[in-house]
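# Examination of the molecular architecture
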Amino acid sequence: MLSEVPDEPGRAAHWIGPMLALGTRAARHYQSYRDRQLVITVSVPSRDFAAVLIGSGWMLASEAPTLPDPLVMLRQVEPGQLLRAVNASEVITGFFSLDESVSPPRAQFAGSRWRVDCLRAVAPLDGLETPEREPRPEPGSVELMAGWDRDWDARLAQPAADLAIVGTMKWLEDDLDAYLAKESDCSKPSSIRAVLKPKTPRAATWSTRLFPLPASLTFYRFHRT
């Protein structure tokens with residue numbers, strides 16, 4: 001079901017499922033062709049939600065990373081390494097240092113000290129413009145349906161970050177503010193923005209890059225980056 005307000009009943013339109021399924025099947029098809037770039041171009045009667053629904057299906061089919069215990073990870077990397085860490089309330093990125101002279105060990109991130117035993121997941125980063133932190137989101141209806149809750153913190157620490165959507169930015173931003181839910185599910189609806197996790201200047205964790213098109217063009221392209 002699709003809704004534009006999280007606390008209102010969603011619309012169970014017949015085209016929602018096929019859009020999600022297209023993204024999911026495309027993502028699974030890609031697993032056999034990792035040495036190639038997959039581009040999807042769609043033509044639909046109405047552009048409303050097409051891009052974000054297909055993209056959401058793609059993301060829901062993504063594989064979860066396998067990460068070692070946070071202390072093991074911190075011991076494996078050099079001091080000053082860029083990392084993304086997840087605890088019970090936040091996602092944090094920044095340079096790190098580990099202090100095992102105290103018990104329990106502490107890790108320095110983004111100007112704060114964190115008990116390592118309170119970190120749920122840690123993953124290395126290739127690059128970072130500035131250290132960031134944001135509230136840790138909770139999985140909603142469609143994330144729970146896809147089983148993301150089993151490895152939620154690992155997905156936040158090391159998201160796939162390999163999806164790009166090209167389209168009219170104003171339309172994409174409007175559609176990202178919608179919500180998805182499994183029909184007859186009592187769980188909170190999933191924010192499409194949270195499922196896709198678009199890259200923004202202040203995002204501590206992200207999965208999807210958004211690229212603008214000239215407003216005169218009304219098609220979207222999806223590809224693994």
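Here goes a summary of the coordinates provided.

## Some details on the overall build of the protein chain
Within the protein chain, the regular secondary structure consists of 7 helices and 13 strands. The buried share among the 225 residues of the protein chain stands at 46%. A separation of at least 24 residues holds for 71% of the contacts in the protein chain among residues at least 6 apart in sequence. Summed over all atoms, the accessible surface of the protein chain reaches about 11,700 Å², with 50% contributed by carbon and sulfur.

## Some thoughts on the pattern of salt bridges
Side-chain pairing between opposite charges can occur once the charged atoms of the two side chains come close. Taken as a whole, this structure holds 12 salt bridges when the rule is applied. Of the charged contacts in the structure, one is a salt bridge between R136 and E138, with a shortest N-O distance of 2.6 Å. By relative accessible area, which is 12% here, R136 ends up buried. Taking relative accessible area as the criterion, E138 reaches 44% and is therefore assigned partly exposed. For D151, the salt bridge is made with R155, and the minimal N-O distance between the two is 2.9 Å. Residue classification places D151 among the partly exposed residues on the basis of a relative accessible area of 23%. Take R155: its relative accessible area is 12%, and that puts it in the buried class.

## Some points on the packing of aromatic side chains
Taken as a whole and judged by the stated rule, the model has 2 aromatic pairs. Relative to W152, the ring of W148 lies with its centre 6.2 Å away and its plane at 35°, an arrangement referred to as tilted.

## Side note on helix α2 (residues 50-60)
Extensive coverage of α2 is indicated by the burial of 11 of its 11 residues. Looking only at α2, the buried set comprises A50, A51, V52, L53, I54, G55, S56, G57, W58, M59 and L60.

## A few points about the packing of helix α1 (residues 16-30) against α2
One can describe the packing of α1 onto α2 by two numbers: an axis separation of 6 Å at closest approach and a directional angle of 45°. By the angle between their directions, the pair α1 and α2 is classed as oblique. For the crossing formed where α1 meets α2, the hand is right-handed. Contact residues: I16, M19, L20, L22, G23, T24, A26 and A27 in α1; A50, L53, I54, S56, G57 and W58 in α2. The class makeup of the residues in the contact of α1 with α2 is 10 nonpolar, 4 polar and no charged.

## Quick look at the nonpolar core
Residues L2, I16, L53, W58, L180, I192 and L196 are the most contacted members of the largest nonpolar core, which totals 41 residues. Counting only elements with at least two residues in this core, the list comes to α1, α2, β7 (121-124), α5 (152-157), β9 (163-167), α6 (169-176) and α7 (192-196). With 8 residues, the single largest contributor to this core is α2. Beyond its immediate stretch of four places on either side in the chain, L53 contacts W15, I16, M19, L20 and L180.

## So, unusual backbone geometry
Here the bond from S103 into P104 is cis, since omega is -5°, no more than 30 degrees from zero. Here P104 is to be found in the loop between β4 (90-99) and β5 (106-109). Backbone geometry places A161, a non-glycine residue, at a positive phi of 50°. With respect to the helices, strands and loops of the structure, A161 is situated in the loop between α5 and β9. We classify A161 as partly exposed; its relative accessible area is 22%. Even without a glycine there, the phi angle at K197 is positive, about 45°. Take K197: it is sitting in the loop between α7 and β12 (208-212).

Calculation notes
Residues numbered from 1 in each chain as written. Predicted model: local features only at pLDDT ≥ 70, side-chain atom pairs only at ≥ 80, totals over all residues. Heavy atoms only, no water. Helix = DSSP H or I, 4+ residues; strand = E, 2+ residues; numbered from the N terminus. Buried < 20%, exposed > 50% of the residue type's maximum accessible area, 1.4 Å probe, protein only. Contact = heavy atoms within 4.5 Å. Areas by Shrake-Rupley, 256 points an atom, 1.4 Å probe, with all protein chains shown as cover. Salt bridge = Lys/Arg side-chain N within 4 Å of Asp/Glu carboxyl O. Phe/Tyr/Trp six-rings, centres within 6.5 Å; stacked < 30°, edge-to-face > 60°. Axes fitted to C-alpha atoms, helices over the stretch in contact; angles between N-to-C directions. Parallel < 35°, antiparallel > 145°, perpendicular 65-115°, else oblique. Left-handed = near helix turned anticlockwise from the far one by under 90°. Nonpolar A, V, L, I, M, F, W, Y, C, P; charged D, E, K, R; others polar. Core = buried A, V, L, I, M, F, W, Y, C linked by side-chain atoms within 4.5 Å.

Remember that the coordinates give geometry; whether it matters functionally is a separate question.
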